[in-house]
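Summary of the model geometry
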Amino acid sequence: MTSPLPPPPVADVVLPCLDESGALPWVLGRIPPGWRAIVVDNGSRDGSAELARSLGATVVEEPRRGFGAACHTGLRAATADLVCFLDCDGSLDPAQLPRVVAPVLDGAADLVLGRRRPATAGAWPVHARLANAVLARRLRLARTLALAGGDALVHSRRDRLAAVQAAERTGDLSLTARIIGAYDVPALWSRADDPEQSRAVVAAAERTITALGPDGPADLSARLLATIAVESRSADLSGTEPGRARQAARRAEALARDLADPALLAFALNGVFLQSFTRPGLAAVRDRTGAEILDLATRHALPNFAVLGRLIRLQSASALGDLDTATSHAEAAEQLAATIEAPLVPVLTGWFRARVTAARSTEPGGPTAATAAAHYRAAENALRTAGMPGLHRGLFPLALLGLRLLHDRPAPTDPHLDWGPYRPWARPLVLLAQDRTEEARAALATVPEPPRDHMQEAMWCLTVRAAVRLGAPGIAARAQAALRDACAEHAGATSGMVTLGPVARYLAEAEACAGAG
């Protein structure tokens, strides 16, 4: 007769651990009965792992240093429906966990965040007097998991919004401001992965900064303003939103400079970068912003922002056609990514290398167009599961279209291609490739002005090519005026991922078409 299986744990408690042998006996002794302790050893040299095993904990190893890496590994090892995260240094009492998670077990909540306060003045050390240590740690985990990509990134965004909403419900403005501003994950793309979620975060930040008033703490105001600028992705904005987002970016930068806080300034400059797509032809401006972020991050040990600075400079060099400089930034970003939790970086640099192959395919003795298409396809496969739909949708078809334009070939017509947000500008060329000229003419007549984002030069150049093919001098002239300041750049290459070739080529076509009219 077989023995009955032990009941599953009520909850798994993930305990990131680095040299905590002194605290482990107390911490593990306070784990509630029926709950499982998962100690994630992060390279301890004091016997913490062996001690934890001897005390009955499940021990898993995570060689990559860092709180987020340890939490991620612990989460993967967890099997219970309920998972808790707790520091292993004894600063929090595991015996209090049943009170914290009761609303989840009762079905009243999906996420609960604990808030602690000292019982007497001076009861906590300085680092423990944060307004909400548990909530801050939750946001730190979400922030770190965001850099892992895939499902971790999706869950990170969801948990971040839940934390913001939970903080707002407390009615504590200072707490809410800190939670909103704590998610300073570097952002590179001008289209949000979840626009509705971004709008909700922006709305919460605007409510909070309004309630704090003009005399509110400068550091909290700066973080709220930077959050507004970063979450207000330019491709998703309309009406007065772009102006408000740019103003938030400028105010955040000014406050951060006055405070002389390098990490805050790097975050604020991220917002400045994302609000710098106001017109075509600003690659050099963005390169200066990227250079400052990189300098700050290098001098003040901010590796995630160092990666951001490298990728911004990669994009700018790509836009200017300086592939050697862009390649050096790609290699440096990859080296940084190997030392921190940034697996998305090779996905992005893989796209850059496909863009380089596409450009080289036009050179004598260069790779074939088929080789470039295969590189784009490999990059597409890597991006598909990265958890970045705002970047992913439409990128692969646009890359193939750009490759065909480089070789003066018609647009791809595969009906399974998802053109995503680029469909209005690609559609006239696709219809022309299908010999549906009148439909193409009608589609061109309704093409809107492109969003002010990474792809605005590319969309204007697609408009030029369709206008030239269809003999539409008025539309060609409008595109020519929009592109004039981008004459030294390469269309689509601001993304660092695709290229349609030099903007100057399309400007010459537009000028000839407009002149003929």
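See the structure printed just above.
The rules behind each value
- Residues numbered from 1 in each chain as written.
- Predicted model: local features only at pLDDT ≥ 70, side-chain atom pairs only at ≥ 80, totals over all residues.
- Heavy atoms only, no water.
- Pairing = 2+ DSSP bridges.
- Helix = DSSP H or I, 4+ residues; strand = E, 2+ residues; numbered from the N terminus.
- Axes fitted to C-alpha atoms, helices over the stretch in contact; angles between N-to-C directions.
- Expected span 1.5 Å × (residues − 1).
- Buried < 20%, exposed > 50% of the residue type's maximum accessible area, 1.4 Å probe, protein only.
- Salt bridge = Lys/Arg side-chain N within 4 Å of Asp/Glu carboxyl O.
- Phe/Tyr/Trp six-rings, centres within 6.5 Å; stacked < 30°, edge-to-face > 60°.
- Lys NZ or Arg CZ within 6 Å of the ring centre and 35° of its normal.
- 1 Å grid on protein atoms, 1.4 Å probe; cavity = no way out; pocket = protein on both sides within 12 Å on 5 of 7 lines; lining within 4 Å.
- Points joined across faces, edges and corners; volume = space filled by probe spheres on them.
- Nonpolar A, V, L, I, M, F, W, Y, C, P; charged D, E, K, R; others polar.

A few words on the sheet that holds strand β3 (residues 58–61). Read across the open sheet, the 4 strands follow the order β3-β2-β1-β4; overall the sheet is parallel. For this open sheet the edge positions go to β3 and β4 (83–85), each flanked by a neighbour on one side alone. The mean inter-strand angle of the sheet, taken between neighbouring strand axes irrespective of direction, is 25°.

This part is about helix α15 (residues 344–360). Compared with the 24 Å implied by 1.5 Å per residue over 17 residues, the 25 Å span of α15 between its first and last C-alpha is a close match. Of all 17 residues in α15, 13 are buried; the element is thus mostly enclosed.

Turning to the pattern of salt bridges, a few remarks are in order. Applying the stated criterion across every chain, the model contains 23 salt bridges. By sharing partners, the salt bridges in this structure join E253, R257 and E292 into a single network.

Once that is clear, we can look at the packing of aromatic side chains. This structure, assessed with the given rule, holds 2 aromatic pairs. With a centroid separation of 5.6 Å and an interplanar angle of 70°, the aromatic rings of F273 and F277 are classed as edge-to-face. The two residues F273 and F277 agree in class, both being buried. An angle of 40° between the planes, with centres 5.7 Å apart, marks the rings of W351 and Y376 as tilted. Taken together, the positions of W351 in helix α15 and Y376 in helix α16 (residues 369–384) put the pair 25 residues apart, joining distant regions of the chain. The pair formed by W351 and Y376 is uniform in burial state, with each residue classed as buried. Directly above the aromatic system of Y506 lies the positively charged group of R505, at a separation of 5.9 Å from the ring centroid.

This part is about empty space enclosed by the protein. Sizing a probe to match a water molecule and rolling it over the atoms shows the empty space that remains. Within the structure shown, the criterion is met by 2 cavities of 30 Å³ or more. If you trace the largest cavity, you find 35 residues lining it, with V185, P186, A187, L188 and M388 closest to the centre. A breakdown of the residues in the lining of the largest cavity according to their chemical character gives 24 nonpolar, 4 polar and 7 charged. In this model, the second largest cavity occupies a volume close to 50 Å³. Along the walls of the second largest cavity sit L188, L311, L314, Q315, L348, T349, F352, S495, G496 and M497, which together make up its complete lining. When contributions to the lining of the second largest cavity are tallied by element, the ones reaching two or more residues are α13 (303–319) and α15. Residue composition of the lining of the second largest cavity, by class: 6 nonpolar, 4 polar and no charged.

Moving on: helix α21 (residues 456–470). With 15 residues, α21 ought to run about 21 Å at 1.5 Å a step, and its terminal C-alpha atoms sit 21 Å apart, in line with that. Among the 15 residues that make up α21, 13 are buried, leaving the element largely enclosed by the rest of the structure.

As a further point, take the environment of A386. Within the fold, A386 resides in the loop between α16 and α17 (389–392). The sequence separation of A386 and L344 amounts to 42 residues, and the corresponding C-alpha distance is 7.1 Å.

Here the focus is the pairing of strand β1 (residues 12–17). Burial runs high along β1: 6 of the 6 residues are buried. Side-chain alternation along β1 places D12, V14 and P16 on one buried face and V13, L15 and C17 on a second face that is also buried. Both β1 and strand β2 (residues 36–41) contribute to a ladder of 6 bridges, which runs parallel. Bridged to D12 within β2 is R36.

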